[in-house]
Amino acid sequence: MAVELKEVEVRPDGLIVGHDKIMLPVNKNLQKHSYDGYSLLNLAMIPGLDVDPFNRTVKSQKYDVLLCINGIRATQDEIRTINPRDVTRIDFYTGYDPRNPTSRFTLDFIVKIRDYGGQVVLQASQHMNRLTGSDMADWRMFHGKTEFGIRLEENYDTYAQGKKEDENISLTFDNGDMTISRNSKIEYNCAQSLQVKPYLVYRKKNETLKLTFAIQQQHLRQRRTDYERYLCLYDETRSNARISDHNDRFIPALSGMYQHKFNNSSYLSVFFSGNYSRTNQSNNYLSLEDILSRTHEDFYSGSATVQYSFGFLRNHNGIIGVGGKISRSEIDYKENESSSAPWLTTRGMQFIIADNWRISRSLSLNLMLGGNVNNTDNTYRRTSEFTFIPSLGLNWTITQRNSLNFNFNIRSQRPPMSYYFPEEKWIMPYIRQIGNPYLKSSTVTSTSLSYRNMRKWGYLEAFCSYTGVSRSVYFDFLCDNSREVYIQTFRNGRTFHDFSIGPRIQFKVIPQKLTMRIGGVWNYTRAFTYTSLKRHTFRGDVNLMYISGGIAANIMCSTPAKYMDALGIVGYVPWTLQMSLNYTINNFNIGVSARNPFMTTPTRSTAVLPGITTLCKSYSQRSNYNMFSISIGYRFSYGKPKKQYEDVQLKVNENTAILKR
């Protein structure tokens, strides 16, 4: 049986700092000023946690944090509907979590249990300077050990933002160089999505069974004009290209989870899911050359995972797990008079065995051994790969105020299915695109080291991390002089290196009211594609939070930064500023937010490859810049205190293998 640490530090601010986790009892002040799970986390400002309430992301040291509710894995929609008044405590696992032993970081909302009555949550958000918004209604009913609920959600965007981006492309051919300049202007835009999610949850004393069925319909229709200029030697040609895009997707999905608790350190968890996606796309380009393309895809996917964690001997926790996933895409693509019907099937299987060894009250070691088998079967070939995936974690509590954490792991990363698309397709004049059916999976090696010092006035933190991606995928262009086109494809390069280091400090300027966090990250990246590329940058950030009298005000600011991704694209991100003001009273909330108000500096990206150079400037007006929005939320419940929410997130963006333009 595992040994539990009894000695913890209870700080004046309520934080309970243990060996492998930080616990925060949620007081009335936090409950009063927050309106959902993300706002609660943002207000709490838990050490080591980075919360972005605008994009609804939670990270720690650049890693995604697994979110749970009462030990059960949660999703973004689920966190959105949490009532902060039901949350009694927040547990942030920086070490080992017996219910989720394979997660690097886990955050668990501990909420009250309900077995009678129900709850209704209504939320609406509308941009103040564009016709874009979302509406959500969630109704949950509780009866004994059973919970039934249904959620309706709609998102819409009918704003044509006008000028979108400027792009300059230089191409080298045998008969001379070609320079292409494009200015894009969106004239019509209509994007809508509707999602319906009924679900059923059944609980016993030590068991939980959850079933969810989701149906989503997406629609997009857009028209734009590209003002094009072609310069070859001394010949110049201008054209106004008319482009129209139409996309419809229908996605039904089924997902489930079963968990059985044997004791405080032994759990059996089973996860399974399946979905189908039907996509119809049409793209018309009318200019010097007319291109009419149609794409139809049927996409199927299913996965299952079984995981058992258990305590043995006096201070060990073991984990055994096995899981598998299969996906298949069948595509019918037509371009003018030509057509193709490629298909692709991917299979993956992973098994792990691990041990969390509590060496002493201040030191624990987590060792995991496993393997990952990937199989790819497409129109041209079939391949299989095996990757050894070990993991090592060390958590040392030097004193009650000082802790040191080290982690090392290796995992397999398969390229997106769309990168394998084996047929050539038109992208823009003089450029076509084709996937690479011979791509291999990458091996990702990650390691991190962090130190934290807790103080009465806040905390100090320093961390560094390294990620190496072997056989990283990058963009490559091949010149076909006979057709005077460049063909963009994907290839495996050498190792992509990403190193980061930075400090962070948090002050309680006015306890329980005003908190300020200041930090910065120096980042160095190096890629080996067709040549050696490297980039380094520093980005600082400031987060200021004020809460009082039901009002919560937040300002987040980041300095400009350069970046380089594994595909070989170098970019620049200007200053970013996000502000929000929320007022909460009882069960009603109203808030206003702004993103980069009155800023006009565009983002820039550059790609320099043999024979081709691209430079793009993008400015998303009233979206990423000069965006102002207002949100309203209301909830009411009937019966006894609420139970935890159960839901399954539908990962829409992963349910297709169509190669994006």
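What counts and what doesn't
Residues numbered from 1 in each chain as written. Predicted model: local features only at pLDDT ≥ 70, side-chain atom pairs only at ≥ 80, totals over all residues. Heavy atoms only, no water. Helix = DSSP H or I, 4+ residues; strand = E, 2+ residues; numbered from the N terminus. Rg over C-alpha atoms; globule rule 2.2 N^0.38 Å. Buried < 20%, exposed > 50% of the residue type's maximum accessible area, 1.4 Å probe, protein only. Contact = heavy atoms within 4.5 Å. Areas by Shrake-Rupley, 256 points an atom, 1.4 Å probe, with all protein chains shown as cover. Lys, Arg positive; Asp, Glu negative; His and termini not counted. Charge placed at Lys NZ, Arg CZ, Asp CG, Glu CD. Pairing = 2+ DSSP bridges. Polar contact = N/O pair within 3.5 Å; in protein donor to acceptor, adjacent residues only side chain to side chain. Salt bridge = Lys/Arg side-chain N within 4 Å of Asp/Glu carboxyl O. pLDDT = per-residue confidence, 0-100. Disulfide = S-S within 2.5 Å. Phe/Tyr/Trp six-rings, centres within 6.5 Å; stacked < 30°, edge-to-face > 60°. Lys NZ or Arg CZ within 6 Å of the ring centre and 35° of its normal. Axes fitted to C-alpha atoms, helices over the stretch in contact; angles between N-to-C directions. Core = buried A, V, L, I, M, F, W, Y, C linked by side-chain atoms within 4.5 Å.

Quick look at the overall build of the chain
And step 1. A tally of helices and strands in the chain yields three helices and 43 strands.
And step 2. The C-alpha radius of gyration of the chain comes to 26 Å, within 12% of the 26 Å expected for a compact globule of 661 residues.
And step 3. Over its C-alpha atoms, taken along the principal directions, the chain stretches across nearly 80 × 50 × 45 Å.
And step 4. Residue burial in the chain is summarised as follows: out of 661 residues, 52% are buried.
And step 5. The contacts in the chain between residues at least 6 apart in sequence include a share of 65% that link residues at least 24 apart.
And step 6. Carbon and sulfur atoms provide 58% of the accessible area of the chain, an area that totals close to 29,800 Å².
And step 7. Each charge sign in the chain was given a centre, from 81 positive and 58 negative side chains, and these centres are 8 Å apart.

Let's talk about the pairing of strand β22 (residues 343-358)
And step 1. Relative to β22, strand β20 (residues 316-335) runs antiparallel, the two sharing 15 bridges. Within β22, the residue paired with Gly324 across the bridge is Met349.
And step 2. Here β22 runs beside strand β23 (residues 363-378); their pairing, made up of 15 bridges, is antiparallel. From the neighbouring strand, Phe351 faces β23, where its bridge partner is Gly371.
And step 3. Hairpin geometry of β22 and β23 is characterised by an intervening segment of four residues between the two adjacent antiparallel strands.

Regarding helix α2 (residues 37-44)
And step 1. The buried count for α2 comes to eight of eight residues, which makes it a mostly enclosed element.
And step 2. Of all the positions in α2, only Gly37, Tyr38, Ser39, Leu40, Leu41, Asn42, Leu43 and Ala44 are classed as buried.
And step 3. Residue Asp36 occupies the N-cap position of α2, its side-chain oxygen lying 3.3 Å from the main-chain nitrogen of Tyr38.

Points about the pattern of salt bridges
And step 1. Evaluation of the coordinates by the stated rule reveals 29 salt bridges.
And step 2. Residue Asp64 is joined to Lys59 by a salt bridge in which the shortest nitrogen-to-oxygen separation is 2.5 Å.
And step 3. Across the pair Arg238 and Glu236 runs a salt bridge whose closest N-O atoms are separated by 2.8 Å.
And step 4. Of the residues examined, Glu236 reaches a relative accessible area of 41% and is grouped as partly exposed.

Notes on the environment of Asn206
And step 1. Structurally, Asn206 is set in the loop between β15 (176-203) and β16 (207-232).
And step 2. According to the relative accessible area criterion, Asn206 is partly exposed, its value standing at 35%.
And step 3. Here Asn206 is in contact with Gln259, His260 and Lys261, once residues within four sequence places are set aside.

Observations concerning the confidence of the model for the chain
And step 1. Mean pLDDT over the chain works out to 86, with 94% of the residues at or above the 70 mark.
And step 2. In the model, residues 1-6 has pLDDT below 50 throughout and makes 16 contacts with residues more than four positions away in sequence or in other chains.

Observations regarding the state of the cysteines
And step 1. Enumeration over the complete set of coordinates arrives at zero disulfides.
And step 2. Cys232 forms no disulfide, and the closest cysteine sulfur to it belongs to Cys479, at a distance of 12 Å.

Concerning the sheet that holds strand β5 (residues 57-60)
And step 1. Strands sit in the order β4-β5-β6 across an open sheet of three strands; the sheet is antiparallel. Only two strands of the sheet have a single partner each, and these edge strands are β4 (50-52) and β6 (63-64).
And step 2. Relative to β5, β4 runs antiparallel, the two being bridged by three bridges. Each residue of the ladder has a partner; that of Asp50, found in β5, is Lys59.

Notes on the packing of aromatic side chains
Each aromatic ring pair is characterised by the separation of its centres together with the angle its planes make.
And step 1. Summed over the entire model, instances satisfying the criterion amount to 18 aromatic pairs.
And step 2. Ring geometry for Phe92 against Phe105: centres 6.0 Å apart, planes inclined by 25 degrees, an arrangement best described as stacked. Of the two residues, Phe92 sits in strand β9 (residues 87-93) while Phe105 sits in the loop between β9 and β10 (106-111), which places them 13 residues apart along the sequence. Phe105 matches Phe92 in its accessibility class, with the two residues each being buried.
And step 3. Aromatic rings pair up to connect Phe173, Tyr230, Tyr430 and Tyr486 into one cluster.
And step 4. Positioned over the ring face of Tyr63 is Arg104, at 5.8 Å from the centre of the ring.
And step 5. Sitting over the ring of Phe528, Arg494 keeps its end group 4.4 Å from the ring centre.

Describing the environment of Ala566
And step 1. Mapped onto the fold, Ala566 is located in the loop between β37 (561-564) and β38 (570-573).
And step 2. The partly exposed category is assigned to Ala566, whose relative accessible area is 24%.
And step 3. Sequence separation between Ala566 and Val201 is 365 residues, and the spatial gap between their C-alpha atoms is 42 Å.
And step 4. Dropping the residues within four chain positions of it, Ala566 is found in contact with Ser472, Val473, Tyr474, Phe496 and Thr529.

Observations concerning the sheet that holds strand β31 (residues 473-480)
Strands pair in a sheet through their backbones, by hydrogen bonds, and they do so in one of two ways: parallel or antiparallel.
And step 1. The mixed open sheet is built from four strands, whose spatial order is β27-β28-β32-β31. Every other strand in the sheet has two partners, leaving β27 (425-428) and β31 as the edge strands with one partner each. With direction set aside, neighbouring strand axes in the sheet form an average angle of 35 degrees.
And step 2. Summarising the sheet, strand β28 (residues 431-433) and strand β32 (residues 485-492) pair through three bridges and their orientation is parallel. Following the sheet pairing, Arg432 is matched in β32 by Ile487.

Considerations on the nonpolar core
And step 1. Within the largest apolar cluster, 35 residues are counted, with the highest numbers of intra-cluster contacts made by Leu41, Ile46, Leu49, Ile90, Leu107 and Phe109.
And step 2. Within the residue set of this core, elements represented by two or more residues are β3 (21-25), α2, β7 (66-69), β9, β10 and β35 (532-548).
And step 3. The dominant element in this core, judged by the number of residues it contributes, is α2, at five residues.
And step 4. Once residues lying within four places of it in the same chain are set aside, the contact partners of Ile46 are Ile22, Leu24, Leu41, Ile90, Phe92 and Arg517.
And step 5. Membership of the second largest hydrophobic core comes to 28 residues, among which are Leu171, Met178, Met417 and Phe477.

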